[in-house]
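Below are the chains, spelled out letter by letter.
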Amino acid sequence: MSNDCGINGPEHKIVTTVCPKEPRPSFQTIYMQLAHALAARSTCSRLHVGTVITSTDYRKVLAVGYNGNATGLPNCCDRTEPGNCGCLHSEENAVINCDSPRSMEKHVFVTHLPCVQCSKRLINLGGVKKVFYCSEYRSSESLKILASVGIEVERMPLDLKDLAEPG
C-alpha cells in the first residue's frame, strides 16, 4: 500500500507495510531445532544427539555434528555397552568440523548436556562462551567443568510443538 506524498512528483512515495502478528522464533530456538533435526541422522542405537556451533551474533553456523560411527565404517554401534558403544559424540564431530579460529567467540547448541569429555573438547575448541542444551544427560559433572573455565550453560527445553513440521 503506498501513498503519493506530492514531493518532487510521483517518484517519491511513502510505503506502509503491514507486519505479521505472529511472534518470530528466536535464533536460539531455531538452532536448537536444527540440533534436533541433525540428531535424526544419528546411527547410535542408544541415544540420538545433535550439535550446532554458531557465532555469538547468530549470523553464522560454524559447524554441525551428530553422533555415529566414523566416516567409512558401518553406520551402527561397535558395541552395546552404554557409554562405550564406539560412536563418536555429536559435540566431538562438530568440533572436528569447526575450522573457525580459537579467537572467534562461539555458542554451542546440543540436544543433550555434553558429557565430561565433550565438555573438555569444547573448551579446547576455544572461544566457546555459552552452551545451550535441551535434555539432561546421565551425568551432570560437565556443568562444573564448563563453569570452572567461565563457559555459561543454559538448559533450553523445547516444546514438542517447536519440533513439529511447519504447516
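Here the structure is a predicted model, which means the values were calculated and not measured.

*Asks:* Could you clarify how one ought to interpret helix H1 (residues 27-39) in this entry?
*Replies:* An α-helical turn contains 3.6 residues, so a residue and the one three or four places further along point in the same direction. Relative to the 18 Å expected for 13 residues at 1.5 Å per residue, H1 spans 18 Å between its end C-alpha atoms, a close match to the ideal helical length. What H1 keeps buried is the set Thr 29, Tyr 31, Met 32, Ala 35, Leu 38 and Ala 39. Those residues of H1 hidden inside the fold are in contact with strand E3 (50-55), strand E4 (61-66), strand E5 (106-112) and strand E6 (128-135).

*Asks:* Hey, could you run me through the packing of helix H2 (residues 90-97) against helix H3 (residues 116-125) in this one?
*Replies:* Packing of H2 against H3 leaves a shortest axis separation of 9 Å and a crossing angle of 20 degrees. Here H3 runs roughly parallel to H2, going by the angle between their axes. Helix-helix and strand crossings are classified by hand; for H2 and H3 the assignment is left-handed. Of the residues in H3, those in contact with Glu 91, Glu 92 and Val 95 of H2 are Cys 118, Arg 121, Leu 122 and Leu 125. Here the contact of H2 with H3 is built from residues that sort into four nonpolar, no polar and three charged.

*Asks:* For this particular structure, what's the right way to read the nonpolar core?
*Replies:* The nonpolar side chains of a soluble globular protein tend to be buried with one another. Membership of the largest hydrophobic core comes to 21 residues, with the highest contact counts inside it found for Ile 53, Cys 98, Val 108, Leu 125, Val 128 and Val 131. Of all elements in the fold, only E4, H2, E5, H3 and E6 reach the threshold of two or more residues within this core. Setting aside its immediate chain neighbours within four residues, Val 131 contacts Val 108, Val 110, Pro 114, Leu 122, Leu 146, Ile 151, Glu 152, Val 153 and Glu 154. Counting residues in hydrophobic clusters, the runner-up holds 11 residues, among them Val 52, Tyr 58, Cys 134 and Leu 158.

*Asks:* Hey, could you run me through the environment of Pro 101 in this one?
*Replies:* By secondary structure assignment, the location of Pro 101 is in the loop between H2 and E5. Given the relative accessible area of 49%, Pro 101 is considered partly exposed. Each C-alpha atom of the pair Pro 101 and Leu 125 lies 8.6 Å from the other, and the pair is 24 residues apart in sequence.

*Asks:* I keep staring at the side chain of Lys 130 and nothing clicks. Help me out?
*Replies:* On the secondary structure map, Lys 130 appears in strand E6. Take Lys 130: its relative accessible area is 13%, and that puts it in the buried class. The contacts of Lys 130, once residues within four sequence positions are left out, are Lys 106, His 107, Val 108, Ile 151, Glu 152 and Glu 154.

*Asks:* Before we go on, may I ask you to explain unusual backbone geometry in this structure?
*Replies:* With the exception of glycine, the majority of residues adopt a negative phi angle, and the majority of peptide bonds are in the trans configuration. In the Ramachandran plot, Tyr 58 falls in the positive-phi region, its phi being about 65 degrees despite a non-glycine side chain. Within the element layout of this structure, Tyr 58 appears in the loop between E3 and E4.

*Asks:* Help me understand the packing of aromatic side chains, please; the structure alone is not making it clear to me.
*Replies:* Within a pair of aromatic rings, the relevant descriptors are the distance that separates the centres and the angle that separates the planes. Within the structure shown, the criterion is met by six aromatic pairs. Considering the side-chain rings of Tyr 31 and Phe 109, the 5.6 Å spacing of their centres and the 45 degrees angle between planes classify their relative orientation as tilted. With Tyr 31 in helix H1 and Phe 109 in strand E5, this pair connects stretches of sequence that are 78 residues apart. Classification of Phe 109 as buried rests on a relative accessible area of 0%.

What counts, and at which threshold
Along each chain, the written sequence defines residue order, and numbers are assigned to residues from 1. Since the coordinates come from a predicted model, pLDDT governs what is reported: local features require at least 70, and pairs of side-chain atoms require 80 or more to be given and counted, while whole-chain, interface and lining totals use all residues. Here the side-chain values reflect all heavy atoms present in the structure, with hydrogen atoms and water set aside. Secondary structure elements are taken from DSSP: a helix is a run of H or I of four residues or more, a strand is a run of E of two residues or more, and numbering for both begins at the N terminus. In a helix, the anticipated span is given by 1.5 Å times the number of residues less one. Exposure categories follow from relative accessible area, calculated using a 1.4 Å probe and restricted to protein chains: below 20% of the type maximum is buried, above 50% is exposed, and the middle band is partly exposed. By definition in these notes, contact holds between two residues if any of their heavy atoms fall within 4.5 Å. Axis definition: a line fitted to C-alpha atoms, limited for helices to the stretch in contact. Angles are taken between N-to-C directions and run from 0 to 180 degrees. Any angle that is under 35 degrees is reported as roughly parallel, and any over 145 degrees as roughly antiparallel; angles of 65 to 115 degrees are reported as roughly perpendicular and all others as oblique. Here is the rule for handedness: rotate from the far helix to the near one, and if that takes an anticlockwise turn smaller than a right angle the crossing is left-handed, while a clockwise turn gives right-handed. Nonpolar residues are Ala, Val, Leu, Ile, Met, Phe, Trp, Tyr, Cys and Pro. Charged residues are Asp, Glu, Lys and Arg, and all others, Gly as well, are polar. Only buried residues count toward a nonpolar core. Its members are Ala, Val, Leu, Ile, Met, Phe, Trp, Tyr and Cys residues joined through side-chain atoms within 4.5 Å. Note on ring pairs: Phe, Tyr and Trp rings are taken, using the six-membered ring of Trp, and paired if centres are within 6.5 Å. Classes follow the plane angle, with under 30 degrees stacked, over 60 edge-to-face and the rest tilted.

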